[in-house]
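As a plain string of letters, each chain reads:
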Amino acid sequence: MNSREKASSVMLGLWIILALSFSGVQSQFPRVCTTKEAFQTKVCCPTWTDGSACGSRSGRGQCRNWVAFSSFAKGQLPIYNDDRLDWPRHYYDSTCECFGNYGGFNCGYCKYGYTGKKCDQKKTRVRKEIRQLSFTERKRFFGYLALAKTTFSKDYVVLTTGDRHHRDTYRFVDASIYEVFSWIHYYSIKPIMVNSTLDPRRNYAHRGPAFPGWHRLGLMFFEREVQHMTGDEDFALPYYDWRGEQNCSICTNDYMGDNDVQGYLDPYSHFYNWRSICSGYNYPDAYCPGATDGYQERLHRKPGADPLANTLPSFQDVENTLKWRDFDTPPYDSTATRSFRNILEGFMNPQDGVTDDLNIHNLVHLYMGGTMSQVPISSSDPMFLLHHNFIDKIYEVWIQKYKGSPKVYPENNEPGQGPNECSTPYFPCWRNKDLLRPSTDFGYKFSVYQGM
């Protein structure tokens, strides 16, 4: 049996549960590509409304063989048996390649930053600090989040498994639009499997040069999903500028929710009834336990309760982070020194760039406590959106300051972090390096708040 036949036989063990709803644009496992036929042929080239694969009759795109731009990051050995590596070759050999400003898993949508029937109209939205929103804008934001949490996705399903070592345990299940977003993070940061051994030091969204771009893409995905769900093309995600705060000023019921002494959200908060689609830290061998067994953890938060993370980053911490000119430095992991990316991620002291430190991105996660401090399920808390949107703003300030572009994205040996590797787990392929560009290229910019 050749490798294609082996892969096909493995895929026959995958099942899909169908449901009805509405949504749509780019992410992992389009529903139409989780059929037995799609896994047998390893083709994910859905038809558009013109009846052709990838809208080829209308000049929107084409079905392209060999989906990735490079098979492995430079210097890697083919010893990885992780289904996410070299995305999405494990599942598909062919996907849609979209032309011009067209995008989406079937080229039926517009690329980020464009709108109109022919995707020829440039549109730039402004992402505001959440306290800059009017009362009406704030209520609309919370209403949209509630709708995204309860509206099942028409276009996507999520993967769950009892055991990542055994493909016959893989299942695809329905999820809401917000849960699809949350699951994307969960799926991407599970430990990488090397020769059937899990390496907790490595994942596809952190501890490497892909970190800021990967999270940027996730925010753009969710923002676009909400725009399509609501028909509100002007919707833009807010951010939370936490610089210098003595406590979490938006952890109130008017904003992100107060909590009790145990850390559970107040019954009068917007997110009191929210639960995580997946379960937390203790399941490295599984994808998304909880999605099928009915056990889903309640959101909880205890800002400032951790004695090792009882303050938020200061104004000076962010200024110091932005003084580092090199986007990333060898060895391109959590030990990289004088690296803007690694300092932004929170592994090095922003002032000297060489001392191990808990700061910026990592510090805020731990400061918030509860769900936000459990990295696998942290995206289940909508605070994740606001926090990472501010991390994206800092990233954008760095790009503007140093004229950041794909050419400064480094060659590196970290699995899934190479410049030409597809960002896990999106359709169509977004190369890691292509996310190192100004935000206006993707159709958004940030408001000015507190001098930045």
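It should be emphasised that the depicted structure is a prediction, and the values quoted were computed from it without experimental measurement.

Considering the sheet that holds strand β1 (residues 43–44)
Right, so step 1: Reading across the sheet, the three strands line up as β1-β3-β2 and stay open at both edges, with mixed pairing between neighbours. Each of the sheet's edge strands pairs with one partner strand only, and the pair in question is β1 and β2 (61–65).

Topic: the packing of aromatic side chains
Right, so step 1: A full pass over the atoms with the stated rule returns 40 aromatic pairs.
Right, so step 2: Ring centres of Y178 and W274 lie 5.0 Å apart, and the angle between their planes is 65 degrees; this geometry places the pair in the edge-to-face category. In this pair, Y178 sits in helix α4 (residues 177–188) while W274 sits in the loop between α5 (211–230) and α6 (315–321), placing the two residues 96 residues apart along the sequence. An identical accessibility class is assigned to Y178 and W274; each is buried.
Right, so step 3: Residues Y239 and F446 carry aromatic rings whose centres are separated by 5.8 Å and whose planes lie at 75 degrees to one another, so their mutual orientation is edge-to-face. In this pair, Y239 sits in the loop between α5 and α6 while F446 sits in strand β13 (residues 444–446), placing the two residues 207 residues apart along the sequence.

Brief notes about the pairing of strand β9 (residues 158–161)
Right, so step 1: Burial of β9 is two-sided: the residues V158 and T160 facing one way and the residues L159 and T161 facing the other way are all buried.
Right, so step 2: For β9 and strand β10 (residues 170–173), the ladder comprises four bridges, and the chain directions are antiparallel. Bridge pairing in β10 links T160 to R171.

Things to note about unusual backbone geometry
Right, so step 1: Omega for the bond connecting T424 with P425 falls within 30 degrees of zero, at 0 degrees, which places this linkage in the cis form.
Right, so step 2: With an omega of -10 degrees, the peptide bond between F427 and P428 qualifies as cis.
Right, so step 3: Residue position: P428 is located in the loop between α10 (383–402) and β13.
Right, so step 4: In this structure, S196 takes a positive phi of about 65 degrees despite not being glycine.
Right, so step 5: Mapped onto the elements of the fold, S196 is located in the loop between β11 (192–194) and β12 (197–199).
Right, so step 6: Its relative accessible area of 40% is what places S196 among the partly exposed residues.
Right, so step 7: Even without glycine at this site, R207 takes up a positive phi of about 60 degrees.
Right, so step 8: Along the chain, R207 falls in the loop between β12 and α5.

Describing empty space enclosed by the protein
Right, so step 1: Applying the stated criterion across every chain yields a total of four cavities of 30 Å³ or more.
Right, so step 2: For the largest cavity, the calculated volume is near 70 Å³.
Right, so step 3: Lining of the largest cavity is provided by Y112, G113, R125, M220, E223, R224, Q227, F442, G443 and Y444.
Right, so step 4: The class makeup of the residues in the lining of the largest cavity is four nonpolar, three polar and three charged.
Right, so step 5: Reported here for the second largest cavity is a volume of approximately 50 Å³.
Right, so step 6: F181, I184, H185, W214, H215, G218, L219, F384, H388 and Y426 are the residues that line the second largest cavity.
Right, so step 7: Elements with a contribution of two residues or more to the lining of the second largest cavity: α4, α5 and α10.

Considering the side chain of K190
Right, so step 1: Note on placement: K190 falls in the loop between α4 and β11.
Right, so step 2: The charged side chain of K190 is buried without a salt bridge, its nearest counter-charge being D285 at 8.3 Å.
Right, so step 3: At 3.1 Å, the side chain of K190 and the backbone oxygen of A286 are in polar contact.
Right, so step 4: Residues within four places of K190 in sequence aside, it is in contact with R84, R164, R202, N203, Y283, P284, A286 and Y287.

So, how was this worked out
- Counting of residues starts from 1 at the beginning of each chain's written sequence and follows it residue by residue.
- Owing to the predicted nature of the model, reporting of local features is limited to residues with pLDDT of at least 70; listing and counting of side-chain atom pairs is limited to 80 or more, with chain, interface and lining totals taken over all residues.
- Where side-chain values are given, they derive from all heavy atoms of the structure, hydrogens and water being excluded.
- Paired strands, in this sense, are two strands between which DSSP finds at least two bridges.
- Every helix listed is a DSSP run of H or I at least four residues long, and every strand listed is a run of E at least two residues long, numbered separately from the N terminus.
- Pairing of aromatic rings covers Phe, Tyr and the six-membered ring of Trp, with a centre-to-centre limit of 6.5 Å; geometry is then stacked below 30 degrees between planes, edge-to-face above 60, and tilted otherwise.
- To sort residues, take the accessible area from a 1.4 Å probe on protein chains only and compare it with the maximum for the residue type: under 20% means buried, over 50% means exposed, and anything in between is partly exposed.
- Each cavity reported here is a set of points on a 1 Å grid over the protein atoms alone in which a 1.4 Å probe fits but cannot get out, each pocket an open set with protein on both sides within 12 Å along at least five of seven lines, and each lining residue one with an atom within 4 Å of a point.
- Grid points are joined across faces, edges and corners, and a volume is the space filled by probe spheres set on the points.
- Here the term charged refers only to Asp, Glu, Lys and Arg, the term nonpolar to Ala, Val, Leu, Ile, Met, Phe, Trp, Tyr, Cys and Pro, and the term polar to all other amino acids, Gly among them.
- Lys and Arg are tallied as positive, Asp and Glu as negative. Neither His nor the chain termini are counted.
- We define a salt bridge as a side-chain nitrogen of Lys or Arg found within 4 Å of a carboxyl oxygen belonging to Asp or Glu.
- We call two N or O atoms a polar contact when they sit within 3.5 Å, provided that within protein one can donate a hydrogen and the other can accept it, with sequence-adjacent residues counted only if both atoms are side-chain atoms.
- For this analysis, residues touch if any pair of their heavy atoms sits within 4.5 Å.

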